[in-house]
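Breakdown of the fold
Spelled out, the chains give:
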Amino acid sequence: MNKIISRDDLEKAFRESEDRFRDLVENSVEGILIHRNFKPLFVNRAFAQIFGFDSPEQVMALDSVLELAAPHLQAMAAGNAGAKVHGDEAPADSEYEGLRKDGSTVWLDNRVRDISWQRAPAILSTVADITERKQAEEALRTANDSLEQRARACIGELESKLAEREKTEEMLRAGEDRFKDFAESVSDWFWEMDENLRFSYMSPSVERIIGVAPEWHYGKTREDLLGDDYDRDVWEQHLQSLKARRPFRDFTYFRVGEGVESRWLSTSGKPVFDAGGTFIGYRGSGQDVTELKQREIAQRDSDERFRAITEASPVPLIITRRSDGTTRLVATTKFPIRDSRGQITGVGTINTDVTDRKQTEAQLRQAQKMEAVGQLTGGVAPEVLEHAFEPFFTTKGVGEGSGL
């Protein structure tokens, strides 16, 4: 009797222990999964909640818990399980990316143990959600990477600025030398005006090109360079552009002055403003175009002389005989032939057949004469008048009678 009571007590104690274990597992904050060949055998509520299921029963209904691993990890998980079945070494603890019911991902800390479940081998998997920790680690790693990148960028920028500064200083020195060389050798010169539109700078090349020292221009305005003979309308437009602070290009004028040679000059310029937008003057360049203007004037005079000659000369008419024996009336027009400098080197000729036009003109004049005669002989019948003047308006061969 005592032996039977002891067995009952033992069974009671076992059931109480099992209930305590089940309560512990069911109320655990960690997810607990028991599976055999990935078929779930037991799932606690925490495991279901981690993966976004409403109840453990929904997880138990899965054919395979591999569905809860990210697709790129499923093959690896299957390989690790197979290794454990065959007694090979496989990682017991790992961190992996799980796949929730709604398709989102969750980072898990997974600990795997071999157990016996219902008198058969099984796998116990205990998981904890470490998503927040992973996100914090990723944020920290990103921040560190960003900080390192910024530090490297700052160092690189400083090094680049130092190198660029040295290069800029070298380029400035070289640029100054080049500018001086260009300014002394080019066919143009450079100038500056102050805010009162008075010349404040002229490059040294101006003296070589037009024979006037740079200092001669200082303090002078554009008007000071004018003589008595200038186009007032053109200059008025130019001066208005200067007062309006507008850029200008290729303004050509005839410069005269006391003690200097009169020359044709062309200039271009643009207004200059300081950082605050205040007008501080003009900068530009100029060139001597005297030779070009002289050629233009000579060509214009030559054209006018030729035009006067050709307009005063009547257009000559030439009678030519063709190979078929007929004769044609040809008008001859002449035009000038120029070389590459625009100078007239010869005269060209254009011949135009005007036979038909002249015949039409003759017929028109004859019709006009007939009309005039008809007005003078108003009482004569038209059929009589038509033949009355045939002897005078017929064309016959030599010796065949009279005609016009």
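Up top is the structure these notes are about.
Since we're looking at a predicted model, the values are computed, not measured.

1. Considering a nonpolar patch on the surface
Residues Phe-335, Ile-337 and Ile-350 make up a contiguous nonpolar surface patch of about 250 Å² in total accessible area. Take Ile-350: it is sitting in strand S13 (residues 344-353). The partly exposed category is assigned to Ile-350, whose relative accessible area is 46%.

2. Remarks on the pairing of strand S5 (residues 120-129)
The sheet contact formed by strand S1 (residues 31-36) and S5 spans five bridges and is antiparallel. Among the inter-strand pairings, His-35 is bridged to a residue of S5, identified as Ile-123. One ladder, built from 10 bridges, connects strand S4 (residues 105-117) with S5; its direction is antiparallel. Residue Leu-108 lies in a different strand from S5, and its bridge partner there is Asp-129. The hairpin turn running from S4 into S5, its antiparallel successor, is two residues long, and Gln-118 in that turn takes a positive phi close to 55 degrees.

3. Observations concerning the nonpolar core
Counting 21 residues, the largest nonpolar core has Trp-189, Trp-191, Ile-210 and Tyr-282 as the members making the most contacts within it. Looking at this core, the elements with two or more residues in it are strand S6 (188-193), strand S7 (199-202), helix H6 (205-210), helix H8 (232-243), strand S8 (248-257) and strand S10 (279-288). With 20 residues, the next largest nonpolar core counts Val-43, Phe-51, Leu-68 and Ala-69 among its residues.

4. Side note on the sheet that holds strand S3 (residues 93-99)
Reading across from one edge, S2-S1-S5-S4-S3 is the order of the five strands in this open sheet, with antiparallel pairing throughout. A strand with exactly one partner marks an edge of an open sheet, and here the two such strands are strand S2 (39-43) and S3. Averaged over all neighbouring strand pairs, the angle between strand axes comes to 35 degrees, with direction disregarded. The pairing of S1 with S2 spans four bridges and is antiparallel. Residue His-35 lies in a different strand from S2, and its bridge partner there is Pro-40.

5. What to know about the environment of Ala-92
Along the chain, Ala-92 turns up in the loop between helix H4 (71-85) and S3. Residue Ala-92 is classed as partly exposed on the basis of its relative accessible area of 31%. Taking the C-alpha atoms as reference, Ala-92 lies 8.1 Å from Asn-110; in sequence the two are 18 residues apart. Residue contacts for Ala-92: discarding those within four places in its chain leaves Asn-110, Arg-111, Val-112 and Arg-113.

6. So, H8
Along its 12 residues, H8 runs 16 Å from first to last C-alpha, staying within 8% of the 16 Å computed at 1.5 Å per residue. Buried residues of H8: Trp-235, His-238, Leu-239, Ser-241 and Leu-242, and no others. Taken end-on, H8 shows its buried residues confined to a sector of 155 degrees, consistent with a single buried face. H8 presents Arg-232, Asp-233, Gln-237 and Lys-243 as exposed residues on the side facing more than 90 degrees away from its buried surface. A positive phi of about 60 degrees marks Arg-245, the residue just after H8.

7. Focus: the side chain of Arg-328
Assignment of secondary structure puts Arg-328 in strand S12 (residues 327-338). For Arg-328, a relative accessible area of 18% translates into the label buried. Of the polar contacts made by the side chain of Arg-328, one reaches the side chain of Asp-353; its length is 3.0 Å. In terms of polar contacts, Arg-328 uses its side chain to reach the side chain of Thr-355, at 3.4 Å.

Definitions and cut-offs
Residues numbered from 1 in each chain as written. Predicted model: local features only at pLDDT ≥ 70, side-chain atom pairs only at ≥ 80, totals over all residues. Heavy atoms only, no water. Patch = residues over 30% accessible without salt bridge, like charges linked within 9 Å, V, L, I, M, F, W, Y side chains within 5 Å. Areas by Shrake-Rupley, 256 points an atom, 1.4 Å probe, with all protein chains shown as cover. Salt bridge = Lys/Arg side-chain N within 4 Å of Asp/Glu carboxyl O. Helix = DSSP H or I, 4+ residues; strand = E, 2+ residues; numbered from the N terminus. Buried < 20%, exposed > 50% of the residue type's maximum accessible area, 1.4 Å probe, protein only. Pairing = 2+ DSSP bridges. Core = buried A, V, L, I, M, F, W, Y, C linked by side-chain atoms within 4.5 Å. Axes fitted to C-alpha atoms, helices over the stretch in contact; angles between N-to-C directions. Contact = heavy atoms within 4.5 Å. Expected span 1.5 Å × (residues − 1). Arc of directions from axis to C-beta. Polar contact = N/O pair within 3.5 Å; in protein donor to acceptor, adjacent residues only side chain to side chain.

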